[in-house]
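An overview of the molecular structure
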Amino acid sequence: MSTSAKPIANERHVTGIPTARLITWWVIASEIVIFGGLLSVYVMHRLGHPEWAAAASHTNTLAGAFNTFVLLTSSLFAVLAHKAADAHDGPRAAKLLRLTSLGGLIFLTVKGFEWTHDIHEGYVISSGGFWSYYYTLAGLHGLHVLAGMIIMLIVAADAAKNQELQRVECIGLYWHFVDIVWIFLFPLLYIAR
Amino acid sequence: MTTETHVHHPDYVKIWAILVALLIVSVLGSMSSIRPVVLAAAFGVALVKAFLVAKNFMHVNVEKRWVPYLLVVCILFIVILFAGVSPDIMKRSGLHWNNDAAQKAVESGAAPSTPKNE
Amino acid sequence: MSTQVHHAEPGIFQKYFWSTDHKMIAMQYMFTGMAMALIGGFLAYVFRMQLGFPNKSVPGFGIVTPGKYNAVVTMHGSIMIFWVAMPILIAAFGNFLIPLMIGADDMAFPRINRLSYQIFLVSIVVLLASFFVKGGAFGGAWTAYPPLSASGAYNLTPAGATLWLVAVALEFVAFLLGGINFTVTTMNSRAPGMKMFDIPLVVWMIVLASVIFMASVGPLIAGAIMLLFDQTLSTGFYDPSRGGDPLLWEHLFWFFGHPEVYVVLLPAMGIVAEVITVFARKKMFGYKTILYTAWATGVLSFVVWAHHQFVAGIDPRMANIFTVTTLLISVPITEMVFLYIATLYGGSISLTTPMLWALAFVAEFMIGGVTGIFLGASGTDIYLHDTYFVIAHFHYTFVPIAIISVFAGITFWYPKMFGRMLNETLGKIHFWGTVIAFNVIFIPLFMTGVAGDQRRVYSYAQFAEQARPELQHLRTTSTIALLVMLSFQVIFLINFFWSLRNGKRAEANPWRSTTLEWTAPSPPPHGNFAELPTVYRGPYEYGLPGRAEDYWPQNDPS
C-alpha cells in the first residue's frame, strides 16, 4: 500500500510549503496543546506542592540524563537523514532513520528498566500526586516515541528505494518535537528542587 | 517526488555537541544548593536546548513566517489555560471549600500515599 | 488538464467500505451521523416521556428508572454533539464540499481521510457496546464531572464510563486527523487563481472550526487520560481525598467545551451563508468582515470557558473576568447575524426549502444567543445554573446548529450529492412541522427553568415547589411537541430516500450558483472535474448590473 496514484490535490502547494511538511506542522501544533495541557497541569500542581520534591528525588536522574543524551543523538541522526534525503541519497537516509529508531528503542529500554526499578521500590502510578503525573507524562511521551519509531521505519523502507524522500524530513520534524518535549520533561521530572 | 533543498544545512554534529555540553551543564548545575542556579541550570538550559533544536534541526526560522507564529499561538493558548486554571488548582481552599488532604500533604511535607478505600 | 488514472471498476467493498474518495467518505459520515441522530432522538423521546408522563412505562423502552434516566440523558447529549453535529457539519459537509469548492480532485491525503472515518466508526462501536455491558451505558452526564465519573461506586456504570471515555477519545482522534486534512487541503490544493478571499465562506468556516477544535482539545485529551487512570488505575488526579481536585476536570473539560460550541456553530453559519446568497441572488455583505469576525470569535472563545463553572467554587475574581469576556463574545456573533440580514436586505428572495431553513436558523439562533446573556452574567447565572433555562438556551443554539442548518445544507446540496431533486412540497411540510414543534418544545422549558426545574432530575415528585400541576402541564406540552417533531422527521426520511431513485434528475447547477461545486456534474464522478477549473473571481458575484445572467460563476473566464 505504498505509492498509489496521488490526487492532484496532494501535489499542489499554494502556500509554497509541500503538503507533507504542511500537515506535519499542523500535527506538531496539535501535539503542542496536548503535551502543553498535561505539562501545564503538572506544573501548577508541582508549584503548589513543594513536598513533591521528596518524591521527585527518587527518580533516577542518571537514567533521565542518559535518555536525554540518547534522544539528542537520535535527533542528530534524524536531521542527518534529512540532509541525505535532500541530496537524493535514499539508502543513506534510510540507514540514518533506522539509527534514529534504534535510539528510540534504547530510550524505551532504559525507561523500561527505570520503571521496573521504581515499581519494585513501591512507586506505582497510584502512589500519589507526583508519581501519578510522572508515569502519565513519561508514558504519554513514551507512546509518542514508539509511534514515531514505527512510522520512521515505514518511511525508511520507502526511502531505501529512493521513494517518498520528502517524508524523511517530515518524520524528522515529528521526532525533533518529541525530543523537545523530553528536553522539558527531564528537568521537570528528574531534577528535584 | 523530489525534495527541493529549501534549507542550508549547518554543521549538525557541532550543534549536537553543544546540546550535549548543555545537558552536562544542566545536570551539574542541578546538584548545586543555590536555588537560582538549579533553576537556571534546569530550565534555562532546557529553553536554550529547545531553541537550538527548533532552529537548527527543525529549521523553523527558515520556514514560512506563519509556521512559528502558529506554534507560538498554541503555546499562548496553554499559557491562557494555566492563567485560568492555576488560581483554583494552586489553592488549598476557596469559596465554601477546603481541600484537606492536599493541605495536610503540604504541611506534613509528604505526598498523600494511602488511597481512600472506596 | 486532468490526469485521470484509469481504475478498474471497484467492487462493492472497495466502493462503499474502502474508498478514499472524499465524496464517499462524506456519505459515510453523513449516513452514520443520520443514524446516530435517530438514536439520539429516540433517547430524547425516552426521557421526555418520563418527564411528561412521570413513572409511566414508555412505549418501546419500559419503565425509566433513575439510573436509566441518567444514562439516557448522558447518551443523548454525548451522541448529539460528538456523533451527530460534528460528523455531519464538519466531516460530512467538509469532506463533500471542500475539494469541490476549491476546484481539486480530492483531499490532499485521501488515505488519512479514510482512516479518520474508520477510527470514527470504531468510536461508535465502542460507544454502542457500552449500552450492553454490565451496568449499562455511562450515566454521569456528557460533562462527566468526577468524582461521579471517576468512581464506579458513585455512577453505578463503571464499564460504561470507561467505554464512553474511550469512545470520546477515539472520536477526538478521528476529528483531529480529518480536520488537519481539511486545513492542509484548503491551504494548499486550491485551484489556480483562487486567492484566500475567493474561498467560499462554508469552506473557511469548516477550516476555522477544525483549527479551533485542534487547539482546544489537547488539554482535554490530557484530562481524559487522567480520568481514565482515575477510573481504572486508582490514581487520584480528581479525588479530593487524595489531594486531587474535581475542579481541574471542569476547567480542562470546558477549556475545550466552550470553543467546541463555536466549532459546530461556524460551519452551520457557513452553510447558511451559502444558502442565503444563492436564494437572495445577492453578494455576501461584508465577506471579509464576516471572516475577520469569525477569526476573532474563535480566539475569544478560548477565554470564556469558566462561565460554565460560575457556581462551582472558582475564584470569584475569575468569575468577574469570565463574565466580561462572555458578554463580549456575543458582540461578534451578533455582528455576523447583522451582516447576514444585510445580505438579505434588498435581495431577490425565493423561499425554497433550503432558504426557509436558513432563515429559520437566523431567527432561532438569535433567541438562543439572547438567552445566553442571562447565563453569561455570573449574577443571574447563580439562579439559572443547572435549571431548564440552560437547557432551553443551548437547544435554541444547538438545534439551529445541528438540525436546522443541517437540513438547509442537505436540501441545498442534495442535487449535487445524489443527482436528484428533493420534493419541494414535502420539504416545506417537514420544515414547518419541525420548526413550529421545536419552539413548542423549548419555550415551556424556559418557563419551567425560571420556575426552578433542575436539570438531570428524573422526577419532581419529591420536590413540592416543582411538583405543581402548572409546571407539569408545561412539561407535558413540551413532551407532546417533541412527539410531533419526531413524527415530522418521517416525512424527511421518506422524501430523502424516495428521491434517491425517483426524484427529478438534477442538472449540474439547478440553483444557478456561482461556486465551483456546481460546475461539476450531479453527482460528480471520481476526480470531480473533467477539466480542473481555474478561478477568476470571488464566490458571491450575484446581481451584477449589465450582465445577461444574474450570476457570474467563479471559473467563468469571460
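Everything quoted here is computed from the prediction, not taken from an experiment.

Procedures and definitions
- Residues numbered from 1 in each chain as written.
- Chains lettered and ligands numbered in written order.
- Predicted model: local features only at pLDDT ≥ 70, side-chain atom pairs only at ≥ 80, totals over all residues.
- Helix = DSSP H or I, 4+ residues; strand = E, 2+ residues; numbered from the N terminus.
- Buried ≥ 20, exposed ≤ 12 C-beta atoms within 10 Å, placed from the backbone.
- Contact = placed C-beta atoms within 7 Å.
- Domains from an automatic or database assignment.
- Nonpolar A, V, L, I, M, F, W, Y, C, P; charged D, E, K, R; others polar.
- pLDDT = per-residue confidence, 0-100.
- Axes fitted to C-alpha atoms, helices over the stretch in contact; angles between N-to-C directions.
- Parallel < 35°, antiparallel > 145°, perpendicular 65-115°, else oblique.
- Left-handed = near helix turned anticlockwise from the far one by under 90°.

Regarding its fold elements, chain B presents four helices and two strands. Helices and strands in chain B line up, N terminus first, as α-α-α-β-β-α. Residues classed as buried in chain B amount to 25% of the 118 residues present. Sequence-distant contacts in chain B: of pairs separated by 6 or more residues, those separated by 24 or more amount to 28%.

The next thing to look at is the overall build of chain A. Helix and strand counts for chain A come out as seven helices and zero strands. Along the chain direction, N to C, the helices and strands of chain A fall in the order α-α-α-α-α-α-α. Each principal axis of the C-alpha distribution contributes one length, and for chain A these read about 55 × 30 × 25 Å. A burial count over chain A gives 59% of its 193 residues as buried. Considering only contacts in chain A between residues 6 or more positions apart, those separated by 24 or more positions represent 80%.

Our next topic: the environment of Phe529 of chain C. Residues and elements named next belong to chain C. With respect to the element layout, Phe529 can be found in the segment after helix H15 (469–502). When the 23 C-beta atoms within 10 Å are taken as the criterion, Phe529 is described as buried. A C-alpha to C-alpha distance of 8.0 Å links Phe529 and Thr519, two positions 10 residues apart in sequence.

Attention shifts here to the domain arrangement of chain B. Interfaces are often sized by the amount of accessible area the parts lose when they come together. Under the domain assignment, chain B is made up of domain 1 (1–62) and domain 2 (64–106). Here domain 1 of chain B and domain 2 of chain B have C-alpha centroids that lie 26 Å from each other.

At the junction of the two partners, chain A supplies 49 residues and chain B supplies 46 residues. The set of elements that each furnish at least two residues to the side of chain A that touches chain B consists of helix H2 (19–48), helix H3 (52–56), helix H4 (61–86), helix H6 (129–160) and helix H7 (166–190) of chain A. Sort the elements by how many residues they give to the side of chain A that touches chain B and H4 of chain A lands first, with 12 residues. Across the side of chain A that touches chain B, the residue classes break down as 25 nonpolar, 18 polar and six charged.

Turning to the environment of Asn502 of chain C, a few remarks are in order. Assignment of secondary structure puts Asn502 of chain C in helix H15. Spatially, the C-alpha atoms of Asn502 of chain C and Val324 of chain C are 54 Å apart, while their sequence positions differ by 178 residues.

Residue and element names in this part refer to chain C. Checked against the element boundaries, Gly369 lands in helix H11 (residues 353–376). The class of Gly369 is partly exposed, set by 18 C-beta atoms lying within 10 Å. For the pair formed by Gly369 and Thr387, sequence separation is 18 residues and the distance between their alpha carbons is 17 Å. Look past the residues within four positions of Gly369 in its chain and what remains in contact with it is Ser330, Ile333, Thr334 and Thr397.

Listed as interface residues are 21 residues of chain B and, on the opposing side, 23 residues of chain C. Looking at the side of chain B that touches chain C element by element, the count peaks at nine residues for helix H3 (residues 66–89) of chain B. For the side of chain B that touches chain C, the residue count by class is 14 nonpolar, four polar and three charged.

Take the confidence of the model for chain B next. When pLDDT is averaged across chain B, the result is 83; 87% of the residues are at 70 or more. This stretch, residues 111–118 of chain B, has a pLDDT under 50; its non-local contacts, to residues over four places away or in other chains, come to 22 contacts.

Residue and element names in this part refer to chain C. Direction vectors running N to C along helix H10 (residues 316–344) and H11 enclose 165°, while the axes themselves pass 10 Å from each other. Taken together, H10 and H11 sit at an angle that is classed as roughly antiparallel. Considering the relative orientation of H10 and H11, their crossing is left-handed. Seen from H10, the contacting residues are Thr323, Thr326, Leu327, Ser330, Ile333, Thr334, Val337 and Tyr340; seen from H11, they are Val362, Met366, Gly369, Gly372, Ile373 and Gly376. Of the residues assigned to the contact of H10 with H11, the class counts are seven nonpolar, seven polar and no charged.

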